[in-house]
Amino acid sequence: VSRSLFSGAIDGTLSRWDLNNMTLADLRKGNHKKAINDLLMVHDINLLASASSDGSILMWDTTMMKPKKTFKGHKKGTFSLAYSMDYHCLLTAGLDQEALVWNPYVERVPIFRLKGHTHALCGVSIVPGTPQILSADVAGTFRLWDMRSFRCVQSFGGNETTLNDLNTFCIMPPHHRLAAGASRVILHDYMDEWGGESVTDTGGVTDALYNPTVGEFYTISKQTVKTWNANTGVLFKVLRDITQDEITAACVADNGRKIYLGDAKGRVQSHGLQNGAVLSVFDQHPTDISCLSIWKGTNKVFSSSWDGTVKISTDEGSRPPQLKAEFKNHRDGVTCLRGSPELLLLASGSTDMQVVLYDLKTMKFETALSRFQHVIAAVDFLPKRCLLVVADQGGHISFWRMRPHPDQWTCIFHFRNLPIINGVLPSVTEVPPPTLAVPVCALRVSEEQLFRQSEDGEEEIIDPPLIHTADSKGVLRVWTVSAMCKKRGVHALDVKDLFEQQRSGKMTSPTRGKTVRGQRTAATRGTSPGTSSPRLGKALSPQNSIGAAFLTGLDLESENDIARSLDHQDPTRSQAVSVAQSDTEVQLLFEEEGHDDAGIISMYLTEEPNALMTTGLDRRVRTWSSQLDRLGTLMQSQDRHFKFPFDPQAAQEVRLQAAAELLEYLAPENRLRLPPIPGASSRSAHDMLLSLSSGKTKPTKKKDAEKAWRVTAEQVMQAPEDVEEDDFRMLFEQMERGSMAGYPLESKERLVKISKALQAKQMVHRANALSKEEAFAAERLAHAMAALGGDDYGTYAAMASSLKVR
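Residues numbered from 1 in each chain as written. Predicted model: local features only at pLDDT ≥ 70, side-chain atom pairs only at ≥ 80, totals over all residues. Heavy atoms only, no water.

*Asks:* Sorry if this is basic, but what is going on with the overall build of the chain here?
*Replies:* For the chain, the count of helices and strands is 11 helices and 48 strands. Within the chain, buried positions represent 50% of all 806 residues. Considering only residue pairs separated by 6 or more positions, the chain has 47% of its internal contacts joining residues 24 or more positions apart. For the chain, the accessible surface area stands at approximately 39,800 Å², while carbon and sulfur atoms represent 50% of it. (Helix = DSSP H or I, 4+ residues; strand = E, 2+ residues; numbered from the N terminus. Buried < 20%, exposed > 50% of the residue type's maximum accessible area, 1.4 Å probe, protein only. Contact = heavy atoms within 4.5 Å. Areas by Shrake-Rupley, 256 points an atom, 1.4 Å probe, with all protein chains shown as cover.)

Written as structure tokens, this is what we have:
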């Protein structure tokens, strides 16, 4: 281990001291013209960096005491050096108001110039363990930069209350403090995004999304998007201030490469997930965005705002987005938005206590469901069963028939989200209810089968559909309504066949036993946007119901009515009621306290793998299995028990397979491709050549091998642009083997010439553009070599033509 101390003098002298005997071991003069202001040992390349007032930075070989590299980019003196071990970049700062980022292996020009300061810089530093750069100027202004994009993410200081004569600063990572010194010392506390607190974001989380394409989570907070590794649950990227105003809604694009963000001023933009750059700007809403969604497999983007406006736009990629439809059927803000590609429907719920449906084929208003007395909290489709599931803040979950089913727009069943009392869940379908329902905040439905352990220890299969709910108390639940579906005949249907029957007028209602021809109800597309269908009051009894569509009416009593009815009931009545005894159509499978008695903001079912993700008011984002087993929490301090079942290797194989299929799809079908020459294969080369040129697979005689190679060679000469280098190599190899011994010499030379010419065309000998004089000289050289017979294959001519003129 070297025991040396290096020092720089005001005259530019670099000295090396031997610490073993405390003597001067070596010194170098004349390399720096002015004072040496800073020294930094770069252990990656075992070189010593020195910064001088003459504006140069030298990289020294400490053994030979000789400068190995020189960096010149500053116009004035340099005073500070820093090096990032993670990104292998050298940073320098000086009097010319900008910090420079260098590749230590490249001397010519800096990688980037960090511009933004208005005064001379006094220092630059790396925040340990993060991709952050901190720079400061003499006026006391600090700027925080992201190493990955070289973008300024924060600026602070620089006013009369802090420092205006700053000359030095240092970072103290163990204390999360920054010390700035001038005539006095000021300490700044900073929060570490990569560790510290057991929350996802100290500022709260607006929403959380999952991207199965790359295996990443995205959490939204104010104007920031943070990216987390789905395999480890570790935060690894922060995109700050990527919108002008606070982000209120977000959605990941279908291709997984960009994210759609809506803000508090009604703007909707798409941003790249790599650097947060704005890719496209959509038509603006009058007020802040409430929901964003996409139509998978298409370029359709759905957006809604708190004034009740719903818009359907198309993301045209490099071209400006197009507004396809705009609806104003709600009288108040939209709270939820969900589309069904199978049913060609878009549903929106609102604070005006109605659900509006839109036809995605005609881009027109379809119908409005208005039988609700509470704010709509969430909607979701069960397309295979032609159902829409609606949850409201009164704690009701209701099921509505959708088109093309003949009983469209009718409610077939509902239940309440009741709390467990003394370890027993009261009847969720009893009227009046035994207790007040808990408001539902989020809802998702699934057609996946579940497995659970029965009381005797055997594995029990739970049939779909499954209903996932999250309520205002932070409780997560999984319900099954498979018994209801069997009892009421709500089976999986052939949606395409139903659409065809509807178009042909041959649709028969299973509940009424008659053909439906243009039948309209009070909630069909004939209803005007401002007209609501009749409200349901008390629950309809089975005797008064009309067919199976109204076996259970939608009881939407007010909470005051329910509270009054509870006063006249036996307080112990709910204890005797259990789900297994009284509720034959709905069953609670799993329940879990999700977010510490705090409300849940959003909930999503993830694909690849199948799991659940929730965002709570407790500033945490958590992941769950289908049985509500906790898989882990996204935390700044990192959850050591994080076990989200994402397999990065399997995901990589899927992406590679998709890329291979795309390349195969893009490859020309008629591309000439010579078969490889087999070794010990039972099929000879001339057999494969003959099958390539003539389409025949019958083996040929041995004497025809030479003829087959000649035919293929002629094809190569006729269309050389469709042939690859390996094809020429195979032909030449066959020539050397003697199979084409009788082939004319001029044809062989022609093949060689074509091969060399194609190779010459692909040659690019210089990346920088030539001046006109240089280009003219290159062309003259090509003509001269051709005249002397030294350019038989056109190499010099191809080289001259490949050079671009400035």
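*Asks:* Explanation requested: the sheet that holds strand β6 (residues 56-61) in the structure shown.
*Replies:* In any sheet, the strands associate via hydrogen bonds between backbone groups, in a parallel or an antiparallel arrangement. If you trace the 4 strands from one edge of the open sheet to the other, you get β4-β5-β6-β7, paired in antiparallel fashion. Looking at which strands have only one partner, the edges of the open sheet turn out to be β4 (36-42) and β7 (66-72). The average angle at which neighbouring strand axes cross in this sheet is 20°, direction not considered. Summarising the sheet, β4 and strand β5 (residues 47-52) pair through 6 bridges and their orientation is antiparallel. Bridging from a neighbouring strand, Asp-38 pairs with Ala-51 of β5. (Pairing = 2+ DSSP bridges. Axes fitted to C-alpha atoms, helices over the stretch in contact; angles between N-to-C directions.)

*Asks:* Please explain the sheet that holds strand β35 (residues 376-382) as it appears in this structure.
*Replies:* The sheet built from 4 strands is open, its strands ordered β35-β36-β37-β38 with antiparallel pairing. Looking along the sheet, the strands with just one partner apiece sit at the ends: β35 and β38 (411-416). Ignoring strand direction, the axes of neighbouring strands in this sheet form an average angle of 15°. Where strand β37 (residues 396-401) lies against β38, 5 bridges are found, and the strand directions are antiparallel. Bridge pairing links Phe-399 to Phe-413 in β38.

*Asks:* Which parts of the structure should I look at to understand the nonpolar core?
*Replies:* Among soluble globular proteins, nonpolar side chains are generally buried collectively. In terms of nonpolar packing, the biggest core is built from 25 residues, with Ile-397, Phe-399, Phe-415, Leu-443, Trp-479, Val-481 and Met-484 touching the most fellow members. Taken together, the elements giving at least two residues each to this core come down to β35, β36 (387-392), β37, β38, β39 (440-446) and α1 (482-488). Beyond its immediate stretch of four places on either side in the chain, Ile-397 contacts Val-389, Val-390, Ala-391, Phe-413, His-414, Phe-415, Asn-417, Val-440, Leu-443 and Thr-469. Residues Leu-357, Cys-386, Val-390 and Trp-409 belong to the second largest nonpolar core, which totals 21 residues. (Core = buried A, V, L, I, M, F, W, Y, C linked by side-chain atoms within 4.5 Å.)

*Asks:* It is not clear to me how helix α10 (residues 772-787) should be interpreted in this structure. Could you clarify?
*Replies:* The periodicity of an α-helix, 3.6 residues per turn, causes residues three or four places apart in sequence to face the same way. Helix length check: α10, at 16 residues, gives a terminal C-alpha distance of 23 Å against a target of 22 Å (1.5 Å per residue), a fit within 8%. Looking only at α10, the buried set comprises Ala-775, Ala-778 and Ala-782. The buried residues of α10 occupy an angular sector of 60° when the element is viewed end-on, so they sit on one face. What points out from α10, more than 90 degrees from its buried face, is the exposed set Lys-772, Glu-773, Phe-776, Arg-780, His-783 and Ala-787. (Expected span 1.5 Å × (residues − 1). Arc of directions from axis to C-beta.)

*Asks:* Explanation requested: the packing of aromatic side chains in the structure shown.
*Replies:* Each aromatic ring pair is specified by the distance between its two centres and by the angle formed by the two planes. Enumeration according to the criterion identifies 14 aromatic pairs in this entry. Consider the rings of Phe-327 and Tyr-358, whose centres lie 4.5 Å apart with planes at 35°: the pair is tilted. With Phe-327 in strand β30 (residues 322-327) and Tyr-358 in strand β33 (residues 355-359), the pair connects residues that are 31 residues apart, well separated along the chain. With relative accessibility at 0%, the residue Tyr-358 sits in the buried group. Three or more aromatic residues joined by ring pairs form one cluster here, namely Tyr-210, Phe-217, Phe-642 and Phe-644. (Phe/Tyr/Trp six-rings, centres within 6.5 Å; stacked < 30°, edge-to-face > 60°.)

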